[in-house]
Structures are given as structure tokens and as C-alpha cells.
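Examining the three-dimensional arrangement
One letter stands for each residue in the lines below.
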Amino acid sequence: MGGYEPLYHALYELSSAAVIEEITKSGLRGRGGGGYPTGLKWATVAKMPGKQKYVICNADEGDPGAFMDRSVLESDPHRVLEGMAIAGYAIGANHGFIYVRAEYPLAIQRLTKAIQQAKKYGLLGSQIFESGFDFKIDIRIGAGAFVCGEETALIHSIEGGRGNPRPRPPYPAEVGLWGCPTLINNVETYANITPIIRKGAEWYSSIGTAGSKGTKVFALTGKVQHTGLVEVPMGTTLRQIVEEMGGGVAEGRVKAVQTGGPSGGCIPAVFFDTPVDYESLQQLGTMMGSGGMIVMDDATSMVEIAQFYMDFCRGESCGKCVPCRAGTVQLHEMLTKIVNHQATETDIEQMEALCQMVKEMSLCGLGQSAPNPVLSTLRYFKEEYLARLRPEVETFATAKD
Ligand SMILES: Cc1cc2nc3c(=O)[nH]c(=O)nc-3n(C[C@H](O)[C@H](O)[C@H](O)COP(=O)(O)O)c2cc1C
């Protein structure tokens, strides 16, 4: 099927700079959530001084409802290994790590076998294709903490430390694994490398929208009829994904879709004609994230959805910084008060203020984005919050009052 031909082509026919140029021209952006331009990240690591550099594949995939990366690793692990080897050649690294969560035993098993096969055929290890390029890949198994998907926490975890994040800058591209320049990309990002090298940047950039190129895999879950993975060109509308491919909901009407996992937000059905790309989702108050798409019908309570995500974030907060550790607990308590009809409008105002504080003051992306599901449901479904407030209690003034 032409496997490892792009690696051969890169090693023998392209310079490292030419590989980076091709990835840059393709317009590929990181599929791990942030959408950072991949070519730019590779170029930054490539030009860092130092002999020892590393390539890391982020296969932590912690978003509830997301299983895009698992599917790639289980079905086509060689594609990811090849993408990492091409990255190693481009940035000048000869050692890569795949950080995959322990909850993915089949993916780990198949990756292990694929690495053994590649080594046996001389596609990994020393003197790949007798070209003078050496590249080895090791697997590191994470214990399944959401925060370990954050790049600096992931690096600490590989180093054998506690999976806590640290402030950036310096970014891993400058100071990464064991203090060395490190390239860290998502599974799906690496899976996009071989088709770009094989078919060219022009072909790749002909797919998608002006600012978001190529295709994106989404995990459709929730109340939708046909759950599963869909791969669509960037720019496909939410309606096509949820109603045509997903078949809508079984009963009632589609009310909203949640994208971006615990860092994202809910998009109401009135915006379903929006073409999906990094910018359009941000304008709607959510984000692409890694590709989880949870569909909600009109029986779903949006306040309870916000409460669910906050429960997730308070449990997954690593506790290193106070705004996230204490803020997510407080926000969860406030949401529970609203769900139980015990809150007043002032509580909602205080909750909004606390959301801003947690966003602005948290150390890493977990805390900085934890309030997003609350803010987006408040933006679009405030009436549901108001309907849950404490019922007005008749008060009778006493004679003394
Ligand atoms: C709390 C948190 C969890 C994250 N989880 C993941 C993850 O599971 N997989 C992933 O690829 N990126 C995750 N990221 C993003 C990574 O920090 C990093 O930006 C990404 O791996 C870079 O790869 P890309 O440029 O290919 O997207 C997470 C970020 C945060 C703040």
C-alpha cells in the first residue's frame, strides 16, 4: 500500500528544510486542540541549537467522548510511526516517544508490534533505508490523567516526575524533554504527514477552508442516532455532520452540540449552518478541540451539562495552582446550587465573575478553559439557569419591620 515510501522519499530526495517547507505550505495545523501551525512548530525546533532533540507523540486523548486517536493507533499504527520518523529527520532528532494512556491496551499492543516490525525491516533504528539517519521510538504509558495531555505535564510524566504542568514560556520547542528542544504533536497531526509528503502540499491545501486545511476526524456521540467516527473536510457544516451523517436525534429535536470537550462549549442548533473550522468555532465561544462532538436533544438540561464538565475538571485538576484547584470546586458547588433550585441571580453573577478569574489566573490550559462550558451555556441558554433559581418566597413584613 506504499507504506514508508514517503519516509524514503524524504530521506533521499528532500532536505530537512524542504520537508519543513512542504509541511508549512500544506497549512496543516495541530489536531490536539490548539490548532498551532505544524510547519512553524517544526521550524522552531529545527533551528534550536543543541545536538539532542526529541519527538513526542501525544496520545493521551483524555476528552470525555473522544476516541479518534485510539482508532488511528489501533488501525494504522505504522502511519503514526512514519510521521514521527519524518518529523525526526526534519528537526534533527533521533529519538521519539509515544505517550499513550494505559486505558488503551489494544493501541499499546499494536503500537508495540508495529515498532518491532519496523525495526525488523530497517524502517526504524539505525541507518534507516541505509541513509545514515537513525531514529528509534519508545512507548511511555500514562496512568490516564486528563492534565497529562497538557504538553509540559506530559513531559514531566515521561521524565518520571509527577504530571504537573509548568508555566510557558519556555515552550517545549525550546526547553522540553530533559531540558532539550522537543517537538510535541498529536496522533492525528502525525497521521497527516505521510499523505502530505506523498501527494504534496498543494494537494493537501486544496482541501478545507482558507485558514483550516485538510480533513478532521470527529467522534460523534451523545443523543445522535449514528454514533462513531466521521472524517470530513474542514469547512463541512455542523448540520451535515450531526443531521446528515449522524442522522439527528432519535426523538425530539437536536438542541445543541458540544465541541472541544471540557475546554470547549455548546453550540445551539441555530448555528448549525456554520462551516466547521478553528476560527468559526472560536467565534461561537467554543473550540475545535481534539474532535469530540457530543449531541444533545431538547430533553437535555444545559445547566446539568455545565455541572458535568465542571465535575470532570475539578476531579482532573492537578492541584498545583490555587485558581484551578479551588476555583473548579467552588464553580461546581455553585452549579449544584443552581441545579437544586437553591441559588439566586446574585449567585449567577458571582459565578460568572469567578469564571473570569479562573480563566485568567490558572497556570495551564486545564484551568484556563475549565469555565468555558459554563460561559457558553450561560451565553446561549441563560433562561435555563434562570428557570432553576430559588423559587420566590412570599415574605410578610412584621409590625416591627
Ligand atoms: C488539559 C489539557 C489536556 C490536553 N490533552 C491533550 C491530548 O489528550 N492530546 C493532545 O494531542 N493534546 C492535548 N492537549 C494539547 C497539548 O498541550 C499540545 O498542545 C498538543 O499535544 C500539541 O500537538 P498539536 O500541535 O499537534 O496539536 C491538552 C492540553 C491541555 C491544556
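Structure: above.
In this report, we go over the structure that sits alongside the text. Treat the numbers as computed from the prediction; the structure is a model and nothing was measured.

1. Focus on the site of the ligand
Surveying the vicinity of the ligand reveals 18 residues, the closest of which are Gly 32, Lys 41, Glu 61, Asn 186 and Thr 189. Here an oxygen atom of the ligand and a backbone polar atom of Glu 61 are 2.9 Å apart. Contacts to the ligand include Thr 189, whose side-chain N or O atom sits 2.7 Å from an oxygen atom. Only strand 4 (182-186) and helix 16 (365-369) provide two or more residues apiece to the shell around the ligand. A breakdown of the residues in the shell around the ligand according to their chemical character gives three nonpolar, nine polar and six charged.

2. A look at the packing of aromatic side chains
This model, assessed by the stated rule, comprises 11 aromatic pairs. Between Phe 146 and Phe 312, the aromatic rings sit 5.2 Å apart at their centres with planes inclined by 70°, giving edge-to-face as the arrangement. Of this pair, Phe 146 sits in the loop between strand 3 (136-142) and helix 7 (151-158) while Phe 312 is found in helix 13 (residues 302-316), placing the two residues 166 residues apart along the sequence. Residue Phe 146 is classed as buried on the basis of its relative accessible area, which comes to 13%. Taken together through their ring pairs, the aromatic side chains of Tyr 8, Tyr 12 and Phe 129 make up a single cluster.

3. Comments concerning the layout of surface pockets
If you add up the space inside the second largest pocket, you get close to 540 Å³. Along the walls of the second largest pocket sit 26 residues, with Asp 76, Arg 79, Ala 191, Thr 194 and Pro 195 positioned nearest its centre. The residue inventory of the lining of the second largest pocket, partitioned by class, reads 11 nonpolar, eight polar and seven charged. The residue makeup of the lining of the second largest pocket includes at least three contributed by each of domain 1 (5-205) and domain 2 (215-297).

4. Digging into the sheet that holds strand 6 (residues 228-233)
Taken together, the five strands give an open sheet; going across it, the order is 6-5-9-7-8, and neighbouring strands pair in mixed fashion. Where the open sheet ends on each side, the last strands, each with one partner, are strand 6 and strand 8 (265-268). Taking each pair of neighbouring strands and ignoring which way they run, the sheet shows an average axis angle of 30°. Sheet analysis places strand 5 (residues 215-222) next to strand 9 (residues 292-297), joined by four bridges and oriented parallel. In the strand pairing of strand 9, Thr 221 is matched with Ile 294. The strands touched by helix 4 (residues 68-75) are strand 5, strand 6 and strand 9; relative to strand 5, the strand with the most contacts, the crossing angle is about 115°. Packing against the sheet, helix 17 (residues 372-387) makes contact with strand 7 (254-259) and strand 8, and its axis sits at approximately 55° to strand 8.

5. Section: empty space enclosed by the protein
This structure, assessed with the given rule, holds one cavity of 30 Å³ or more. Approximately 70 Å³ is the volume found for the largest cavity. Along the walls of the largest cavity sit 13 residues, with Pro 165, Cys 318, Cys 321, Cys 324 and Cys 364 positioned nearest its centre. In terms of residue class, the lining of the largest cavity is made up of eight nonpolar, four polar and one charged.

6. Describing the packing of helix 14 (residues 322-339) against helix 15 (residues 345-361)
Their axes nearest at 10 Å, the elements helix 14 and helix 15 cross at an angle of 160°. Accordingly, the angle class assigned to the pair helix 14 and helix 15 is roughly antiparallel. For the pair helix 14 and helix 15, the crossing hand works out as left-handed. On the side of helix 14, the interface is formed by Pro 323, Gly 327, Gln 330, Leu 331, Met 334, Leu 335, Lys 337 and Ile 338, while helix 15 contributes Asp 347, Ile 348, Gln 350, Met 351, Leu 354, Cys 355, Val 358 and Met 361. Here the contact of helix 14 with helix 15 is composed, by residue class, of 11 nonpolar, three polar and two charged.

7. Remarks on the environment of Gly 142
With respect to the secondary-structure elements, Gly 142 resides in strand 3. Along the sequence, Gly 142 and Gly 163 sit 21 residues apart, while their C-alpha atoms lie 9.2 Å from each other. Apart from the residues within four sequence positions on either side, Gly 142 is in contact with Tyr 99, Val 100, Arg 101 and Ala 102.

8. Quick look at the side chain of Arg 388
Relative to the elements of secondary structure, Arg 388 occurs in the segment after helix 17. The contact partners of Arg 388, leaving out residues within four places of it in the chain, are Ser 301, Val 303, Glu 304, Ile 338, Val 339, His 341 and Gln 342.

9. Side note on the pairing of strand 4
Among the five residues of strand 4, five are classified as buried, and the element is accordingly described as predominantly covered. Burial along strand 4 is two-sided: the face carrying Thr 182, Ile 184 and Asn 186 and the face carrying Leu 183 and Asn 185 are both buried. Sheet analysis places strand 1 (residues 54-59) next to strand 4, joined by five bridges and oriented parallel. Bridge pairing links Asn 58 to Asn 186 in strand 4.

What counts, and at which threshold
Residues numbered from 1 in each chain as written. Predicted model: local features only at pLDDT ≥ 70, side-chain atom pairs only at ≥ 80, totals over all residues. Heavy atoms only, no water. Near = heavy atom within 4 Å. Polar contact = N/O pair within 3.5 Å; in protein donor to acceptor, adjacent residues only side chain to side chain. Helix = DSSP H or I, 4+ residues; strand = E, 2+ residues; numbered from the N terminus. Nonpolar A, V, L, I, M, F, W, Y, C, P; charged D, E, K, R; others polar. Phe/Tyr/Trp six-rings, centres within 6.5 Å; stacked < 30°, edge-to-face > 60°. Buried < 20%, exposed > 50% of the residue type's maximum accessible area, 1.4 Å probe, protein only. 1 Å grid on protein atoms, 1.4 Å probe; cavity = no way out; pocket = protein on both sides within 12 Å on 5 of 7 lines; lining within 4 Å. Points joined across faces, edges and corners; volume = space filled by probe spheres on them. Domains from an automatic or database assignment. Pairing = 2+ DSSP bridges. Axes fitted to C-alpha atoms, helices over the stretch in contact; angles between N-to-C directions. Contact = heavy atoms within 4.5 Å. Parallel < 35°, antiparallel > 145°, perpendicular 65-115°, else oblique. Left-handed = near helix turned anticlockwise from the far one by under 90°.

The analysis is restricted to geometry; functional conclusions fall outside its scope.
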